Amino acid sequence: MPPTKVAEAMADVVEKYINEHDVMIFSKSWCPYCKKIKEALRSANVEFYAIELDKIDDGELILAELINKTEQETVPNIFIKKQHIGGCDKTLEALKQGRVATLLNTTDTEMKHQGVDNDTLDSYDYDLIVIGGGSGGLACSKEARSFDKKVCVLDFVKPTPIGTTWGLGGTCVNVGCIPKKLMHQASLIGEYANDSNDYGWSQLEKARQHDWSKMIQSIQTYIRSLNFKYRTDLRSKDVVYENAYGQFVSPHRLKLTDKKGQTKEITGKYIVVAVGGRPKYPNIEGDTKYGITSDDLFSLNYDPGKTIVVGASYVALECAGFLHGIGREVHIFVRSILLRGFDQQMASKIGDYMSSIGIQFHHQTIPTRIECLEEGKPGKLRLYYRQTLESGDIKETYEDCNTILFAIGREACTQDLNLDQIGIHLNPINGFKIKTKEEQSIHVPWLHAIGDCIDEQTMPLGKPLELTPVAIQTGQLLARRLFSTSSIKMDYYNIPTTVFTPIEYGAIGYCEEDAILQLGQDNIEVFHSEFIPLEWAICHHREEIKAKSYCKLIVEKKTGRVIGFHVLSPNSGEITQGYAVAMRLGATKNDFDMTVGIHPTCSENLTTLSVTKSSGDSVEKEGC
Ligand code: FAD
Ligand code: NDP
């Protein structure tokens with residue numbers, strides 16, 4: 001056969017191999033690099049087809065054709081989905097960056113659409129695009145930038161049904177932790193005013209008047225300064241910020257839509273979904289027209305007046321707490337239990353405390369519709385509800401109020417991301433959250449998710465972990481793993497949390513129910529104490545409502561390790577943070593006992609616990 005005919009025949013042979021096998025390796029049986037890449041592909045569960053050019057008759061001719069086609073003289077010579085990847089190192093790199101998985105998950109039409117037929121997929125606009133400029137997204141993007149990567153972060157806030165919107169920074173800064181804690185502080189100041197008479201400040205109690213608009217103005221001014229700081233911080237770090245809504249068009253490619261409806265497309269080698277969540281509505285008549293959520297409350301431009309809070313978890317109890325603390329009449333509609341997922345003894349103590357200060361709980365209650373009695377700011381609303389009485393009878397009735405605040409949980413902002421375009425399916429059962437693997441990747445290694453929008457954010461014990469510091473740390477660790485040699489993953493154990501109810505509740509690790517369930521009642525010991533914080537001891541109004549603090553440590557008998565920490569007292573947030581270090585280091589009950597307390601504090605009670613629950617001895621602590 002003339003040489004040109006031989007070359008044409010070999011070109012056909014090579015094309016056939018490449019077309020018939022998604023992952024095609026032209027290899028030599030003795031070559032260590034060929035062995036290395038095959039092992040790497042096997043351990044990544046990537047199926048491949050290899051021919052050993054030194055073992056077949058036309059091996060040298062095929063090699064000549066491969067050199068002609070790819071200008072690569074060595075083996076292994078690798079093609080994935082008909083694209084030339086290169087040798088061992090380039091394929092390992094492609095595996096690491098997720099390009100192998102991307103190619104294998106991409107249909108031919110999508111490849112054409114992306115214009116990658118003749119592309120090595122190296123030419124992206126950005127190394128990293130983060131969708132969502134909240135706690136997790138900002139932390140991840142800034143960390144990635146510290147490795148000198150080209151980073152873009154998108155943030156866009158869809159207005160609430162009544163039109164509330166806000167700036168860069170996500171939930172925590174604008175409609176979460178920050179305004180919530182400031183309003184909690186406003187309510188504590190009111191409480192101190194109640195205490196003040198016994199401390200000799202008679203005028204404070206008398207002058208007690210709270211101005212809603214003044215509080216909102218101070219808080220919103222502060223939030224705007226934070227929004228500005230976040231923007232300038234991104235600019236100074238050279239992170240590109242797009243105030244636009246991101247949606248997937250195809251793998252690695254997003255469509256951005258800005259406020260004016262203008263669109264553009266950008267591509268990223270890695271994409272991180274950090275879109276957070278938004279409050280749910282109960283889907284009853286009048287809910288979105290007359291009801292509000294925490295997304296509206298913190299910037300509400302009128303005094304909410306008498307408020308019904310629907311829901312009984314973190315958000316509901318905290319908002320109810322501070323609204324009461326600043327002097328508004330507050331009712332809480334509880335569907336089943338308080339603080340699902342938390343230690344129920346602690347939850348019930350919080351409920352008792354909140355009732356004792358005048359918050360009205362309506363148990364086993366479900367709202368059914370809202371009627372507007374009077375338009376206005378605030379207007380007058382009637383909330384119809386169904387209540388299951390202790391007898392089992394159902395009572396249908398209503399409660400009038402000025403404001404109805406729904407705090408019935410949150411849904412991840414994933415439904416409009418077009419995730420189905422890249423083969424990710426969402427489930428309403430888990431609030432449309434994204435299921436990720438341990439290292440936050442989704443089913444292709446170039447795509448990750450962090451923060452409130454991911455599904456696995458539950459402690460081993462099912463306690464929710466939709467928390468700012470969790471989103472931040474997860475984002476930072478992810479960026480380090482993607483762009484440096486770090487392999488450190490997020491540790492979801494022993495994450496401390498505090499519920500900022502009128503009496504704060506701090507918790508780390510197991511709740512008592514779960515400790516019993518996991519380890520067995522006989523294998524744990526609970527040490528506890530009930531005490532009156534010194535700062536309350538001389539206050540008559542605290543005495544009248546029998547206000548008390550409580551703390552307990554759950555200890556694994558076999559090891560002596562403290563596996564659950566719970567404190568209900570003033571400043572629990574501050575107390576719990578410090579003990580979280582000890583818990584992380586595996587502190588035992590003996591370590592707590594050997595720690596010298598700081599006197600007189602609430603915190604010191606945790607270093608002197610001697611009464612066990614099983615003894616049945618009195619839990620009340622007297623004096624020092
Ligand atoms: P987010 O902070 O919600 O950020 C996501 C961002 O992405 C948002 O700005 C969103 O608008 C944007 N976005 C969504 N979709 C797109 C898209 N397609 N394109 C562009 N942008 C998009 N945690 C605590 O640790 N302590 C507390 O005291 C506390 N208090 C809270 C009080 C309340 C009332 C609430 C609601 C939450 C509270 N949290 C608290 C929880 C905390 O706020 C969240 O865990 C944290 O903000 C989650 O961060 P994230 O980055 O996952 O999402
Ligand atoms: P959750 O999902 O924790 O709780 C929802 C509450 O609403 C439950 O009490 C639930 O009752 C009730 N509920 C649900 N649907 C209805 C309905 N149709 N009618 C009446 N009641 C209903 O949501 P949250 O919004 O409170 O909190 C979301 C997350 O935000 C938390 O998990 C937390 O991680 C984070 N967060 C953290 C804070 C902090 O760190 N201090 C503060 C605030 C929020 P049931 O038990 O019957 O299901």
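Residues numbered from 1 in each chain as written. Chains lettered and ligands numbered in written order. Predicted model: local features only at pLDDT ≥ 70, side-chain atom pairs only at ≥ 80, totals over all residues. Heavy atoms only, no water.

Caption draft 1: Fine view of the packing of aromatic side chains. Applying the stated criterion across every chain, the model contains 15 aromatic pairs. Both rings, one in Tyr281 and one in Phe406, keep their centres 6.2 Å apart while their planes meet at 65 degrees; by these two values the pair is edge-to-face. On the criterion of sequence distance, the pair formed by Tyr281 in the loop between strand S11 (277-279) and helix H12 (287-290) and Phe406 in strand S19 (residues 403-406) is long-range, its members being 125 residues apart. In this structure Tyr281 comes out as partly exposed when scored by relative accessible area, which is 21%. By relative accessible area, Phe406 is classed as buried at 1%. Ring centres 5.4 Å apart and planes at 5 degrees place the aromatic pair Tyr579 and Phe592 in the stacked group. On the criterion of sequence distance, the pair formed by Tyr579 in helix H19 (residues 572-584) and Phe592 in helix H20 (residues 589-594) is long-range, its members being 13 residues apart. Overall, Tyr579 belongs to the buried group, its relative accessible area being 14%. One aromatic cluster is present, formed by Tyr17, Phe26, Tyr49 and Phe79 through successive ring pairs. It is Lys150 that lies over the ring of Tyr126; its NZ or CZ is 5.3 Å from the centre. Between the NZ or CZ atom of Arg369 and the centre of the ring of Tyr384, over which it lies, the distance is 3.9 Å. (Phe/Tyr/Trp six-rings, centres within 6.5 Å; stacked < 30°, edge-to-face > 60°. Helix = DSSP H or I, 4+ residues; strand = E, 2+ residues; numbered from the N terminus. Buried < 20%, exposed > 50% of the residue type's maximum accessible area, 1.4 Å probe, protein only. Lys NZ or Arg CZ within 6 Å of the ring centre and 35° of its normal.)

Caption draft 2: Structural context of the sheet that holds strand S3 (residues 77-80). If you trace the four strands from one edge of the open sheet to the other, you get S2-S1-S3-S4, paired in mixed fashion. Edge positions in the sheet fall to strand S2 (49-52) and strand S4 (83-86), since each has one partner strand and no second. Here the average twist between neighbouring strands, direction ignored, is 20 degrees. As defined by bridge partners, strand S1 (residues 23-27) adjoins S2 across four bridges and the pair is classed as parallel. Considered in S2, the bridge of Ser27 is made with Glu52. Where helix H2 (residues 32-43) meets the sheet, it contacts S1, S2 and S3, and its direction lies at approximately 160 degrees from that of S1. Together, S1, S2, S3 and S4 form the strand contacts of helix H3 (residues 59-70), whose direction differs from that of S3 by roughly 65 degrees. (Pairing = 2+ DSSP bridges. Axes fitted to C-alpha atoms, helices over the stretch in contact; angles between N-to-C directions. Contact = heavy atoms within 4.5 Å.)

Caption draft 3: Structural context of helix H4 (residues 88-97). Here H4 has its buried residues at Cys88, Thr91, Ala94, Leu95 and Gln97. A positive backbone phi angle near 85 degrees is found at Gly98, which sits one or two residues after H4.

Caption draft 4: Focus on the UniProt feature "domain: Pyridine nucleotide-disulphide oxidoreductase dimerisation" (unreviewed entry) in the chain. Annotation from UniProt places "domain: Pyridine nucleotide-disulphide oxidoreductase dimerisation" (unreviewed entry) at residues 495-608. Taken end to end, residues 495-608 has its terminal C-alpha atoms 23 Å apart, with 28% of it in helix and 27% in strand. (UniProt positions renumbered as here; feature names shortened; annotations may be inferred.)

Caption draft 5: Looking closely at the site of ligand 1. Near ligand 1 lie 36 residues; those nearest to it are Gly136, Asp155, Thr171, Lys180 and Asp452. Take Asp155: an N or O atom from its side chain is 2.7 Å from an oxygen atom of ligand 1. Between Leu467 and ligand 1, the recorded distance is 3.2 Å, taken from a backbone N or O atom to an oxygen atom. Protein contacts shield 93% of the accessible area of ligand 1, which totals 1,000 Å² for the unbound molecule. Of all the secondary-structure elements, those providing two or more residues to the shell around ligand 1 are helix H7 (135-145), helix H8 (170-175), helix H9 (177-196), strand S8 (244-250) and helix H16 (468-483). In terms of residue count, the dominant contributor to the shell around ligand 1 is H8 (four residues). When grouped by side-chain class, the residues that make up the shell around ligand 1 number 17 nonpolar, 14 polar and five charged. (Near = heavy atom within 4 Å. Polar contact = N/O pair within 3.5 Å; in protein donor to acceptor, adjacent residues only side chain to side chain. Areas by Shrake-Rupley, 256 points an atom, 1.4 Å probe, with all protein chains shown as cover. Nonpolar A, V, L, I, M, F, W, Y, C, P; charged D, E, K, R; others polar.)

Caption draft 6: Summary view of the environment of Met354. Along the chain, Met354 turns up in helix H15 (residues 344-356). When the C-alpha positions of Met354 and Ala312 are compared, they lie 12 Å apart, and in sequence the two are 42 residues distant. Not counting the four nearest positions on each side in its chain, Met354 is found in contact with Leu317, Ala320, Gly321, Ile332, Ile359, Phe361, Thr501 and Pro502.

Caption draft 7: The arrangement of the domain arrangement of the chain in detail. As far as domains go, the chain holds domain 1 (3-105), domain 2 (126-279 + 411-483), domain 3 (282-407) and domain 4 (503-615). Put simply, the middle of domain 2 and the middle of domain 4, counted by C-alpha atoms, are 32 Å apart. On the domain 4 side, the residues contacting the 11 residues of domain 2 number 14 residues. Taken together, the connections running from domain 2 to domain 4 amount to two salt bridges. We note a salt bridge from Glu191 to Arg542, for which the minimum N-O separation is 3.2 Å. In this structure, the connection of domain 2 to domain 4 is made through six residue pairs in polar contact (both at pLDDT 80 or more). (Domains from an automatic or database assignment. Salt bridge = Lys/Arg side-chain N within 4 Å of Asp/Glu carboxyl O.)

Caption draft 8: Main features of the pairing of strand S23 (residues 505-509). Burial analysis of S23 places five of its five residues in the buried class, which makes it a mostly covered element. Relative to S23, strand S22 (residues 497-499) runs antiparallel, the two sharing three bridges. Opposite Thr498, over in S23, you have Gly506 as the bridge partner. Between S22 and the antiparallel strand that follows it, S23, lie five residues. Inspection of the sheet shows S23 paired to strand S26 (residues 562-568) by five bridges, in the antiparallel sense. Within the sheet, the bridge partner assigned to Ile508 lies in S26 and is Phe565.

Caption draft 9: Summary view of the state of the cysteines. Inspection of the entire model under this criterion finds zero disulfides. Cysteine Cys172 shares no disulfide, and the gap to the nearest cysteine sulfur, in Cys177, comes to 3.2 Å. Classification of Cys172 by relative accessible area gives buried; the value is 10%. (Disulfide = S-S within 2.5 Å.)

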